[in-house]
Amino acid sequence: AHSGRLAVRVGECSEVVALAVSLKLVPQGTLGAAAAGMLSVDGRCKTLDARANGYTRSDGVGALVLGVGSVPQPAAAALCSSLVRQDGRSASLTAPNGSAQRTLLLWVIGRAALAPAEVGSVEAHGTGTALGDPTEFGALVNVHGASARRATPLRVGAATASTGHSEAVSGQVGLLKVQQLLEGATQAANAQLRALNPLLGQRLLGVSPPFDMPTQCAQPDTLIRVGLSSFGYSGTIAHAVLRRA
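This text gives an overview of the structure that appears in the document.

Calculation criteria
- Residues numbered from 1 in each chain as written.
- Predicted model: local features only at pLDDT ≥ 70, side-chain atom pairs only at ≥ 80, totals over all residues.
- Heavy atoms only, no water.
- Helix = DSSP H or I, 4+ residues; strand = E, 2+ residues; numbered from the N terminus.
- Rg over C-alpha atoms; globule rule 2.2 N^0.38 Å.
- Buried < 20%, exposed > 50% of the residue type's maximum accessible area, 1.4 Å probe, protein only.
- Contact = heavy atoms within 4.5 Å.
- Salt bridge = Lys/Arg side-chain N within 4 Å of Asp/Glu carboxyl O.
- Axes fitted to C-alpha atoms, helices over the stretch in contact; angles between N-to-C directions.
- Parallel < 35°, antiparallel > 145°, perpendicular 65-115°, else oblique.
- Left-handed = near helix turned anticlockwise from the far one by under 90°.
- Nonpolar A, V, L, I, M, F, W, Y, C, P; charged D, E, K, R; others polar.
- Polar contact = N/O pair within 3.5 Å; in protein donor to acceptor, adjacent residues only side chain to side chain.
- Pairing = 2+ DSSP bridges.
- Phe/Tyr/Trp six-rings, centres within 6.5 Å; stacked < 30°, edge-to-face > 60°.
- Expected span 1.5 Å × (residues − 1).
- Arc of directions from axis to C-beta.

Things to note about the overall build of the chain
Scanning the chain from N- to C-terminus turns up seven helices and seven strands. From first element to last, N terminus to C terminus, the chain shows the α and β order α-β-α-β-β-α-β-α-β-α-α-α-β-β. Against the compact-globule benchmark of 18 Å for 245 residues, the chain has a radius of gyration of 17 Å, which places it among compact chains. With the C-alpha coordinates aligned to their principal axes, the bounding extent of the chain is approximately 45 × 45 × 40 Å. A total of 245 residues make up the chain; the buried ones form 47% of that total. A fraction of 80% describes how many contacts in the chain between residues 6 or more apart in sequence connect residues 24 or more apart.

As structure tokens, then:
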């Protein structure tokens, strides 16, 4: 979607199809991830939860049309700003870099000519790992929790808790969820959240208003702008801000 947006902006084409596919047709990838200790032993992505113990792999297919005025039907969402980066040096191949994530968030929000307080919700990458969730959440708190202008809590959710982690398609799954949110769909809950990870709770100390991680589905909201994150295990990090069209 990021590359397609750039292509449309510079006039290379009038519309593009952003398509992602990830099918687990052979066992080698799952066996390798299991041997590396990356997978949940009970097959659940317990995103944001104290029980987080790894992720579960899932299949995924998703597509969206991006364009400028030539799309046959009115668009529900507009892509304000996006960026894909590499998070640089970290402790290991799979270890996230919180500082790089903070820089990414600030750049994308600033490029959209927004303040963090103007983003009402964030669809997190949220794999449900003991290291990844606190790092990602810490970056969100650092950027969005420091805003004195925020009058309402930042809502944080992750589709991975419901769908599993579709890896190369995880960002596309999040993008489709954000599109539905901006269309006024029912607010999905954090499916596996029972008790908040204590490391996340520590990062929320002194933050006001607090973040909102709903555990029950809610009525459609009037969200105007939503952030979206997607990260790769090798250090690729991406973020986008979308708004209601």
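Moving on from the coordinates now.
Some remarks on the pattern of salt bridges
Taken as a whole, this structure holds six salt bridges when the rule is applied. In this structure, R155 engages D212 in a salt bridge whose closest nitrogen and oxygen atoms are separated by 3.8 Å. Of the two residues, R155 is situated in strand β5 (residues 155–157) and D212 in the loop between α7 (198–203) and β6 (225–231); the sequence distance between them amounts to 57 residues. Residue class for D212 comes out partly exposed when judged on its relative accessible area of 30%. Because the salt bridges share partners, they merge into one network encompassing K24, R57 and E167.

Considerations on the packing of helix α3 (residues 98–111) against helix α4 (residues 132–144)
With their axes 9 Å apart at the nearest point, α3 and α4 run at an angle of 45° to one another. Considering their axes alone, α3 and α4 lie oblique with respect to each other. With respect to the hand of their crossing, α3 and α4 are arranged in right-handed fashion. Contacts between α3 and α4 involve G98, Q101, R102, L105, L106 and I109 from the first element and T135, E136, A139, L140, N142, V143 and H144 from the second. Here the residues of the contact of α3 with α4 sort into six nonpolar, five polar and two charged.

Concerning the side chain of K46
Positionally, K46 belongs in the loop between α2 (28–35) and β2 (60–67). Looking at K46, the relative accessible area reads 1%, which means it is buried. At 3.5 Å, the side chain of K46 and the side chain of S40 are in polar contact. The residues contacting K46, other than those within four sequence positions of it, are S40, R51, A52, N53, G128, D133 and Q192.

Notes on the side chain of T160
Note on placement: T160 falls in helix α5 (residues 160–163). Of the residues examined, T160 reaches a relative accessible area of 7% and is grouped as buried. A polar contact of 3.3 Å, which involves the side chain of T160, links it to the side chain of T47. Leave out the neighbours within four places in its chain, and T160 touches C45, T47, H125, G126, T127 and H165.

Topic: the sheet that holds strand β3 (residues 77–86)
Sheet architecture is open: five strands sit in the order β3-β7-β6-β4-β5, paired in mixed fashion. Each end of this open sheet is capped by a strand with a single partner; those strands are β3 and β5. Between one strand axis and the next, the sheet turns by 15° as a mean value, whatever way the strands run. In the sheet, β6 pairs with strand β7 (residues 236–244) via seven bridges, with the strands oriented antiparallel. Bridge pairing links G227 to V241 in β7.

Section: the packing of aromatic side chains
If you walk through the whole model with that rule in mind, you get one aromatic pair. Centroid distance F137 to F211: 5.6 Å. Interplanar angle 65°. Geometry classified as edge-to-face. Within this pair, whereas F137 is found in helix α4, its partner F211 is found in the loop between α7 and β6, the two being separated by 74 residues in sequence. Accessibility assignment for this pair places F137 and F211 in one class, buried.

Things to note about α3
Compared with the 20 Å implied by 1.5 Å per residue over 14 residues, the 20 Å span of α3 between its first and last C-alpha is a close match. The complete set of buried residues in α3 reads G98, A100, Q101, L104, L105, V108 and I109. The arc that holds every buried residue of α3, seen down its axis, measures 160°, which confines them to one face. Looking at the buried residues of α3, the elements they touch are β3, α4, β6 and β7. A positive backbone phi angle near 60° is found at A113, which sits one or two residues after α3.

None of the figures reported here should be taken as evidence of function without further support.
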